[in-house]
Amino acid sequence: MASMVGRFRSVGFVSSLALSLVVLLHPIFFPSICVSQEATAAKLDPHDLPLPDKLPAATPKDESKKDWIYRVDEAFGTWLVKPMDATLFYDFGTGDKPVKDEAGKEVVDEEGNKVVTKGWLGTSVPFVVVWLLFAGVFLTLRMSFINLRGFYHSIQLIRGVYDSKHHKGDVSHFQALASALSGTVGLGNIAGVAIAVGTGGPGATFWIVLSGLIGMSSKFSECTLAVMYRKTDEQGLILGGPMIYLKEGLSRMGLGPLGSVLALVFTFLCIGGSFGGGNSYQVVQSLNALQAEESFSFLKDYPWIYGLVMVVLVGVVIIGGIKSIGNFAGTVVPFMCLAYISMCLVIIGLNASRLPWAIGEILTGAFSPAGMYGGFLGVMVIGVKRAVFSNEAGAGSAAIAHSAARTNEPVSEGIVALLEPFIDTVVVCTLTALTIVVTGVYRQPDVLQLSADNRGSMITLVAFTQNASFAWFRYILYLAVFLFAYSTCVSWSYYGERCFVSIFGSKSSLLYKILFLIFTFLGSIVSATNILDFSDMLILSMSIPNLIGVFLMSGMIRKELDRYWVRYKSGDLLPKD
């Protein structure tokens, strides 16, 4: 088995290296199919396009098919999505509100514009964004900027400098990080960032980066707690995460009843989120992206084929548990990140002369954006929202994967975990945004419409294939979309399974995995919007019970960090074996 895993990892490494070389050297070795820069420039330069006064309206949805799925989806929207949306995205009266008539329809003026009641800020600032941003700022200050001073040490840890054969755990530091990254590096990095730039302009990129840096402290805190209070189940596997540390940690502080309630709420939210946002949602979003390509047009008529393929591929990995997931993630995550980053760098390199202009647009747009983007606060909210939704810092999900790391030092895994928002948000999200800005496609009318319709992956596709020489990049992008969705499903199966086991016992693990694979298949045939939005909101809701506990235990985390840092600086942490 070990040799098979080794061969699998070797093949993955060689494949990723070969793919990256093809991407980078294609113009050199195949000049005959490359279009000259002069020919490309002869086309209308999107950088010269003027921006409109406002973003276009979203394309109306087709409601002609009102089958049983539509009716169930409508019920979800009325009784679950709207109340949940009103709570998570309550904006304290900051944003403009559309005026509605007695029938509940939005009122429009003679020119067709919506009639609104002005908010006191003019820009909607949702509660969940404030909550997650406040957590990042508070924990960054509380831990004395561990996100910056612990960065070099995190690299040493994943390199194995401080590893010891006597450490307890199921997977290495690197495998734990890769498993958590496979759950966060997903379609949000391709589609979500593109929508952020389309609706918030280049300036949204600045706030994405800043939020990613702040989110590193949130990841550190929750993942440190995960290792501090982890335990083993009946089968000897590590069981850790918010469902454990909220109960055990707050109990030690004399807040047992509160801890039990918070842990139970988190557990059920995580299970629901794993079935929907971490599973079905990923399947349907990746399927929709592939269906847009003529080569995969058969999936429009037979979407169940895609669902069946995903069930088999996901099932093969998750049946083996965290060690199998760790081996999978340790191979696939570096491969997919390297391939995607290589494409971004090639596009940015081809537009290198525009790079200073693009950086200037990002910095200017962050503080003095065009009027169509909603002003300074509008751009900031869009950027922050995309960052916190992408890296899930504060949601507590990644803490479940990091709890299985092979270490006797809780703080060490927290320091490894802070790399996650850096890679996910500061690196991958920023490269996506920079690719879209430097090509100028975000100014094109058709791309602005894609932004309004939330079709982010198509925006990224336009940026990647703007140069006719790289039209074949679309296939690598489709591969990235597939792998991002696939790896997210694999990681979220572990998060949900650990929560399921914490309530129903280790014997229930197989039952959960079967249920998870059923929802994987359903994602290919149920495209109901409200059902999927509801499940995605469950993931955001996890941050509420999780961060309440993290705030209350922040003093405990700081004491543990101070003790660890003294030993780290003195060299006592280096292994003796």
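This one's a predicted model, so the numbers in the text were calculated from it and none came from an experiment. Residue numbering note: each chain is counted from 1, following its sequence as written. Since the coordinates come from a predicted model, pLDDT governs what is reported: local features require at least 70, and pairs of side-chain atoms require 80 or more to be given and counted, while whole-chain, interface and lining totals use all residues. Hydrogens are left out, water is left out, and the side-chain values use all remaining heavy atoms of the structure.

Points about the overall build of the chain
Inclusion rule: Secondary structure elements follow DSSP: runs of H or I of four or more residues count as helices, runs of E of two or more count as strands, with numbering from the N terminus. Only protein chains enter the accessibility calculation, which uses a 1.4 Å probe; a residue whose area is less than 20% of its type maximum is buried, one above 50% is exposed, and one in between is partly exposed. Only heavy atoms enter the contact rule, under which two residues are in contact if any of them lie within 4.5 Å. Every accessible area reported is derived by Shrake-Rupley at a probe size of 1.4 Å, with residue values counting cover from the shown protein chains alone.
Scanning the chain from N- to C-terminus turns up 26 helices and four strands. Out of the 577 residues belonging to the chain, those deemed buried represent 55%. In the chain, the share of contacts with a sequence separation of at least 24, taken over all contacts with a separation of at least 6, comes to 84%. Accessible area for the chain stands at about 24700 Å²; split by element, carbon and sulfur atoms hold 65% of it.

Some points on the confidence of the model for the chain
Stated formally: One number per residue, pLDDT, summarises how confident the predictor is, and it ranges from 0 to 100.
The share of residues in the chain with pLDDT of 70 or more is 82%, and the mean pLDDT across the chain is 80. Of all helices and strands in the chain, the one with the weakest mean pLDDT is helix α2 (residues 37-42) (41), whereas helix α25 (residues 543-552) scores best (95). For residues 1-42, every residue scores under 50 in pLDDT, and the model assigns this stretch 45 contacts once sequence neighbours within four places are set aside.

What to know about the packing of helix α8 (residues 187-200) against helix α16 (residues 375-391)
Here is the rule: Angles here are taken between N-to-C directions and fall from 0 to 180 degrees, while the axes themselves are lines fitted to C-alpha atoms, restricted in helices to the stretch in contact. Angular relationships are summarised with four words: roughly parallel below 35 degrees, roughly antiparallel beyond 145, roughly perpendicular across 65 to 115, and oblique for the angles in between. Residue polarity is assigned by list, with Asp, Glu, Lys and Arg as charged and Ala, Val, Leu, Ile, Met, Phe, Trp, Tyr, Cys and Pro as nonpolar; anything else, Gly included, falls into the polar class.
Between α8 and α16, the shortest axis-to-axis distance is 9 Å and the interhelical angle comes to 175°. With respect to each other, α8 and α16 are oriented roughly antiparallel. Side by side, α8 and α16 meet where Gly188, Asn189, Gly192, Val193, Ala196, Thr199 and Gly200 of the first sit next to Val379, Ile382, Arg386 and Ser390 of the second. Among the residues forming the contact of α8 with α16, the class breakdown is four nonpolar, six polar and one charged.

Some thoughts on a nonpolar patch on the surface
Selection rule: Like-charged residues are merged into a patch within 9 Å and nonpolar side chains (Val, Leu, Ile, Met, Phe, Trp, Tyr) within 5 Å, provided each residue has over 30% relative accessible area and no salt bridge. Counted as salt bridges are all cases of a side-chain nitrogen of Lys or Arg within 4 Å of a carboxyl oxygen of Asp or Glu.
A contiguous nonpolar patch, built from Phe298, Tyr302, Trp304, Leu308, Ile319, Leu510, Ile514, Ile518, Phe519, Leu522 and Ile525 and spanning about 1000 Å² of accessible area, is present on the exposed surface. Of all the secondary-structure elements, those providing two or more residues to the nonpolar patch are α13 (303-318) and α23 (509-525). Within the secondary structure layout, Trp304 lies in helix α13.

Topic: the nonpolar core
The test is simple: In plain words, nonpolar cores are sets of buried Ala, Val, Leu, Ile, Met, Phe, Trp, Tyr and Cys residues tied together by side-chain atoms within 4.5 Å.
Formed by 143 residues in total, the largest nonpolar core has its most connected members in Phe220, Tyr245, Tyr340 and Tyr495. The greatest single-element share of this core, amounting to 17 residues, is contributed by helix α22 (residues 473-504).

Observations regarding the environment of Phe367
Mapped onto the elements, Phe367 comes out in helix α15 (residues 355-367). Distance in space between the C-alpha atoms of Phe367 and Val379 is 8.3 Å, their sequence separation being twelve residues.

Considering the packing of helix α19 (residues 419-439) against helix α21 (residues 456-464)
Each pair of packed helices can be described by the angle between their axes along with the distance between the axes. Applicable threshold: Take the far helix as your reference; a near helix turned counterclockwise from it by less than a right angle gives a left-handed crossing, and one turned clockwise gives a right-handed crossing.
As a packed pair, α19 and α21 sit with axes 9 Å apart at the nearest point and diverge in direction by 55°. For the element pair α19 / α21, the angle class is oblique. Two packed elements cross with a definite hand, and for α19 against α21 that hand is left-handed. Residue-level contacts link Thr432, Thr435, Ile436 and Thr439 of α19 to Ile459, Thr460, Ala463 and Phe464 of α21.

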